[in-house]
Amino acid sequence: MAVRRTRPPQPLAPHGIPGHLVEFVEALRGQGISVGPSETVDAGRVMSVLGLGDRETLREGLACAVLRRPDHRDTYDAMFDLYFPAALGARTVLDDDESDTDGLPPEDVDAMRQMLLDMLQDNDELANMDERLAAMIAQIVEAYGRYNSSRGPSYSSYQALKAMNLDDLEGRLLAGLLAPYGHEPTPTQEQIAKALAAQRIAQLRKMVEGETKRRTAEQLGRDHVQMYGVPQLAENVEFLRASGEQLRQMRRVVQPLARTLATRLAARRRRSRAGEIDLRKTLRKSMSTGGVPIDVVLKKPHPARPELVVLCDVSGSVAGFSHFTLLLVHALRQQFSRVRVFAFIDTTDEVTELFGPDADLAVAVQRITREAGVYTRDGHSDYGHAFVSFLDKYPNVLSPRSSLLVLGDGRNNYRNPETDLLTHMVDSSRHAHWLNPEPRHLWGSGDSAVPRYEEVITMHECRSAKQLASVIDALLPV
């Protein structure tokens, strides 16, 4: 019988502090945070000045050196905790007078919860708590979160949090915060107490998750935690897997993406302002100089901003992707002479008026399903009937000046895809592209009609905001 060998703990900085800093920077790049050579040099100077004595000061100093965008901070903090952990191995309380958390009996769950409650009630902010709470959480993770995996000992924040029963703890904490106000606290006092209790429990949960990642990284390596335990950048999160909070974070990156794309487009237009070389006329003119092309003849540029027609699926499966794309298109509306937006689930309706120059975009995308006639049947995606209703109600929208952009996953619930109508729409447009948020390997699986649509229109995989920006950048008119 083969014996599985566990991975021995690795030294934290096998190549010294400079090498460790370089590894940290490379890990940040691997997560999508752009850190150049100059930022790396700055980080080294920050570390030489601040030293390693104060961990939180070092965290803030390195963040100032390597971060360019505030929305990357959560990912940075998670990576910093992996490469500059708060401790190595199990934690202990150094002060013997405060050692009431040492040797916590694993079976005494009620005593553990009571000690946590006392700590939460005695401190105004968890961030200011001393090493007693850190040692307490470490013992909880060791006692209740440890388990044996196929790769050796590991730790689960779910198991540790389940043993702590945070819902009950929050209720008891709230009761303790309201006790000084008597039996009838005012609504304001109650609201403040609820917010404070929720904040402390959230901070406690974050500390437990951080301790779990620290211990797991020691046992299974940092790469394992980086793969599963580090939050992705908002622009790298897949639309179809994003949570509500992640979608809200993604909406905050729309304006930076739009500014970047607009800057690139302006640069391309400046370069193309003089026009391309007209080879035939250049060679013809060179006959007067013995065939030497001294005078280059340029083609006359024909700058034009086409009309953009957006046809988007707003059904529940792809609503997050469609909403984000609409926000990005709205931010880039000045790059087109006109933008018209049509939404559908099983029936198409125009929603352009919801995206006026002064409109609240977050409200606009929510109003689509409430106010627009995007479904008249059973409320399930029907691309074929959406194409039928689009051409019936808006037969003259598409023209040789129009660029057609279709947004959706192409899942048609096994209904008629009406590829002939899509062909007519593509032929009526100057350009036509389809943006699909599903992974390419799923195209054609189940009720997906993508293979049939691919025969008619160019389809692009757009699973994340970063990938979408790259596609939009390539499709923008010049």
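Residues numbered from 1 in each chain as written. Predicted model: local features only at pLDDT ≥ 70, side-chain atom pairs only at ≥ 80, totals over all residues. Heavy atoms only, no water.

Trainee: Go over helix α2 (residues 37-50) with me, naming the residues and quoting the values.
Mentor: Along its 14 residues, α2 runs 20 Å from first to last C-alpha, staying within 8% of the 20 Å computed at 1.5 Å per residue. Of the residues making up α2, those classed as buried are Glu-39, Thr-40, Ala-43 and Met-47. In a view along the axis of α2, the buried residues occupy a sector of 100°, so they form one face of it. Of the exposed residues in α2, those oriented more than 90 degrees away from the buried face are Pro-37, Arg-45, Ser-48 and Val-49. Positive backbone phi, at 75°, marks Gly-51, one or two positions downstream of α2. (Helix = DSSP H or I, 4+ residues; strand = E, 2+ residues; numbered from the N terminus. Expected span 1.5 Å × (residues − 1). Buried < 20%, exposed > 50% of the residue type's maximum accessible area, 1.4 Å probe, protein only. Arc of directions from axis to C-beta.)

Trainee: Residue-level account of the nonpolar core, with values.
Mentor: Nonpolar side chains in soluble globular proteins generally cluster together in the buried interior. Judged by nonpolar contacts, the single largest core of 46 residues is most densely connected at Phe-324, Phe-355, Ile-368, Leu-435, Leu-468 and Ile-472. Mapped onto this core, the elements with two or more residues apiece are α11 (244-251), α12 (254-272), β3 (307-313), α14 (319-331), β4 (338-344), α15 (361-371), β6 (402-407) and α19 (465-475). Among the elements that make up this core, the one with the highest residue count is α14 (six residues). Residues contacting Phe-324, with those up to four places away along its chain left out, are Phe-239, Met-250, Arg-251, Val-253, Val-254, Leu-257, Ala-465 and Leu-468. Counting residues in hydrophobic clusters, the runner-up holds 27 residues, among them Met-136, Val-141, Met-164 and Leu-166. (Core = buried A, V, L, I, M, F, W, Y, C linked by side-chain atoms within 4.5 Å. Contact = heavy atoms within 4.5 Å.)

Trainee: Account for the environment of Thr-212, with residues named and values stated.
Mentor: The residue Thr-212 is located in helix α9 (residues 187-220) in this model. Taking relative accessible area as the criterion, Thr-212 reaches 5% and is therefore assigned buried. Note: C-alpha distance between Thr-212 and Gly-229 (17 residues apart in sequence) is 9.8 Å. Those residues in contact with Thr-212 that sit more than four places away from it in its chain are Val-141, Tyr-155, Ser-156 and Ser-157.

Trainee: Lay out the pattern of salt bridges with the relevant residues and their values.
Mentor: If you walk through the whole model with that rule in mind, you get 28 salt bridges. A salt bridge links Asp-81 to Arg-55, with the nearest nitrogen and oxygen atoms 2.7 Å apart. Pair noted here: Asp-81 is in helix α4 (residues 73-83) and Arg-55 is in helix α3 (residues 55-66), with a separation of 26 residues, a long-range link. A relative accessible area of 30% places Asp-81 in the partly exposed class. A salt bridge links Arg-214 to Glu-211; its shortest N-O distance comes to 2.5 Å. One end of the pair, Arg-214, and the other, Glu-211, are both in helix α9, three residues apart, so they sit about a helical turn from each other. Since its relative accessible area comes to 6%, Arg-214 is described here as buried. (Salt bridge = Lys/Arg side-chain N within 4 Å of Asp/Glu carboxyl O.)

Trainee: So what's going on with the side chain of Glu-461? Which residues, and what values?
Mentor: Here Glu-461 shows up in strand β8 (residues 458-461). For Glu-461, a relative accessible area of 16% translates into the label buried. In this structure the side chain of Glu-461 is engaged in a polar contact, spanning 2.6 Å, whose partner is the backbone nitrogen of Arg-440. Here Gln-467 takes part through its side chain, which lies 3.0 Å from a polar atom of the side chain of Glu-461. (Polar contact = N/O pair within 3.5 Å; in protein donor to acceptor, adjacent residues only side chain to side chain.)

Interpretation in functional terms is not warranted from these geometric data alone.
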